[in-house]
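Topology and contacts: notes
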Amino acid sequence: MRTRLVCTTLLATGALLASAGCGGNGNSSSDTAAKPRTVKAVAGCGKTGWTDPSDLAADRAPARCDKGAPAPAKLTKTRKLTIATGTLSAEYVAPLELAVQKGEFKKEGLDVTLKVLPTPDALPLLAKGDIDAQWAAPEAAVMNGISGGFDIKWVAGNFSPDPKSKSGMWVRLKKGQNPDHVPMAGRRLGTMIGKGSVISYPMDKALKKHGGGLDKIQFQQLGSADVLTALQNGGVDSAWLLDPVWRKVDGDKRYAFLGGQPLGEPLGGLLFGPKLLKEDPDAGVALLRAYIRTVNTYFAGDYKKHPAFVADLAGLLKTDKTVLESTPPLRMDWEIRAGTTDRLQAAYRAAGVSKGDPLAEDKVVDRALYGEAVGHKP
């Protein structure tokens, strides 16, 4: 029998269960499962609209349908949906924002509002059905929430990095060291991301290549404006640098890039609560159809090759066009790889932010709705 975590444990990881109950919200995963849904072939998607989840190759081509596919299938009655997101200025949120701007959700009969909410605030609202979806990741707080009874599933991916990206772990080299082997045990790591983030997984992977590990380093959580400064002035030995901050040290022989998010493996995306999973899966599929169509239409390849589009994107994200152009494009990807949640949970346990038995993948992941959106039959 699965070990259940008490509410105080979940509060410590940021999931505010007090507002939604702790394993007793009436929307538990133990409720009667939804009836099987009919999956029909979708024009423009075909064989390339789905890839084998077990394919973990770094050079795996993400699933793609034709431009404009899957075509809208407007609901008979308009649904008002709220999607929570931690930010509206990050590039990985662009497909959702563009779907709103270009009317892709409206074509499905959806009136979508994007609402900025941190994951800890949004999670109990999602579990209660007060919001419909969350653009986030299966962080430790999410895993602990599901263990505690939240009926939440990860239903679609977001992106993986371009091979040319160096967003990730950077270290300041000591005298005599080279990038091929940098002893990391005992070093101080500066990051704006806590141990309970999905970034714990690639952090642990990069550290272990150099004799470290999440249990062998010291974390120092810093503000976004302080991470680079601390690395440069010696306040920390290493740092997790995001786009486009890593460009400030790229090419400087005093620093080395140790690794970032695994290629071809999204670590976040859309989370659905009970409303779209069980009460109104038609709206859930419609939302995913609009999202997938937006990716296929606007983000299928190197979308940064088109200056006019980059300018529009910069305006949408309220950022500088040159900042967007300074980093490689993201590989937008709506699919979820097999075993990702197992690897994430192993990292959370190594970081000491997760307790109890690990959750099986089918308790966390549901690929059926995006499969239906592209016409993939299990």
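Refer to the preceding data block for the structure.
About the cut-offs
- Residues numbered from 1 in each chain as written.
- Predicted model: local features only at pLDDT ≥ 70, side-chain atom pairs only at ≥ 80, totals over all residues.
- Heavy atoms only, no water.
- Disulfide = S-S within 2.5 Å.
- Helix = DSSP H or I, 4+ residues; strand = E, 2+ residues; numbered from the N terminus.
- Pairing = 2+ DSSP bridges.
- Axes fitted to C-alpha atoms, helices over the stretch in contact; angles between N-to-C directions.
- Parallel < 35°, antiparallel > 145°, perpendicular 65-115°, else oblique.
- Contact = heavy atoms within 4.5 Å.
- Nonpolar A, V, L, I, M, F, W, Y, C, P; charged D, E, K, R; others polar.
- Buried < 20%, exposed > 50% of the residue type's maximum accessible area, 1.4 Å probe, protein only.
- Phe/Tyr/Trp six-rings, centres within 6.5 Å; stacked < 30°, edge-to-face > 60°.

1. Brief notes about the state of the cysteines
- Applying the stated rule across the entire model yields 1 disulfide.
- What pairs with Cys45 in a disulfide is Cys65, and their sulfur atoms sit 2.2 Å apart. Here the S-S torsion is close to 105°, and the disulfide linking Cys45 with Cys65 is therefore right-handed. One end of the pair, Cys45, is in the loop between α1 (7–12) and β1 (79–85); the other, Cys65, is in the loop between α1 and β1, and 20 residues separate them in sequence.

2. Looking at the sheet that holds strand β9 (residues 238–241)
- The strand order β8-β7-β9-β6-β10 describes an open sheet built from 5 strands, whose pairing is mixed. In this open sheet, the two strands that pair with only one neighbour each are β8 (218–221) and β10 (255–260). This sheet shows a mean twist of 25° between the axes of neighbouring strands, independent of strand direction.
- Bridge count between strand β7 (residues 188–191) and β8: 4 bridges; the pairing is parallel. When the sheet's bridge partners are listed, Leu189 is paired in β8 with Phe219.

3. Examining the packing of helix α2 (residues 94–101) against helix α8 (residues 281–298)
- Orientation of α2 relative to α8, taken along the N-to-C sense of each, is 95°, at an axis distance of 9 Å. By the criterion of interaxial angle, the relationship of α2 to α8 is roughly perpendicular. Counted together, Pro95, Leu96, Leu98 and Ala99 of α2 and Tyr291, Thr294, Val295 and Tyr298 of α8 form the full contact between these two elements.
- Per-class residue counts for the contact of α2 with α8 are 7 nonpolar, 1 polar and no charged.

4. A look at the sheet that holds strand β4 (residues 153–157)
- Pairing is mixed across the open sheet formed by 5 strands, whose spatial order is β2-β1-β3-β11-β4. The open sheet is flanked by β2 (110–116) and β4, the only strands paired with a single partner. Adjacent strand axes in the sheet meet at a mean angle of 25°, parallel and antiparallel pairs treated alike.
- Direction of pairing for β4 relative to strand β11 (residues 269–272): antiparallel, over a ladder of 4 bridges. When the sheet's bridge partners are listed, Ala156 is paired in β11 with Leu270.
- Sitting on the sheet, helix α3 (residues 119–128) is in contact with β1, β3 (133–136) and β11, with an inclination near 150° to β3.

5. Description of the environment of Ser165
- Tracing the chain through its elements places Ser165 in the loop between β5 (159–160) and β6 (168–172).
- For Ser165, a relative accessible area of 14% gives the class buried.
- Separated by 18 residues in sequence, Ser165 and Pro183 have C-alpha atoms that sit 23 Å apart.
- Setting aside chain neighbours within four positions, we find Ser165 in contact with Asp243, Trp246, Phe257 and Pro328.

6. Describing the packing of aromatic side chains
- Tallying each qualifying case throughout the model produces 8 aromatic pairs.
- A centroid spacing of 5.6 Å and a plane angle of 75° characterise the contact between Phe299 and Phe309, whose relative ring orientation is edge-to-face. Placement of the pair is Phe299 in the loop between α8 and α9 (307–317) and Phe309 in helix α9, with a sequence separation of 10 residues.
- What makes Phe299 buried here is its relative accessible area of 1%.
- In textbook terms, an aromatic cluster arises when at least three aromatic residues are bridged by ring pairs, as seen for Tyr298, Phe299, Tyr303 and Phe309.

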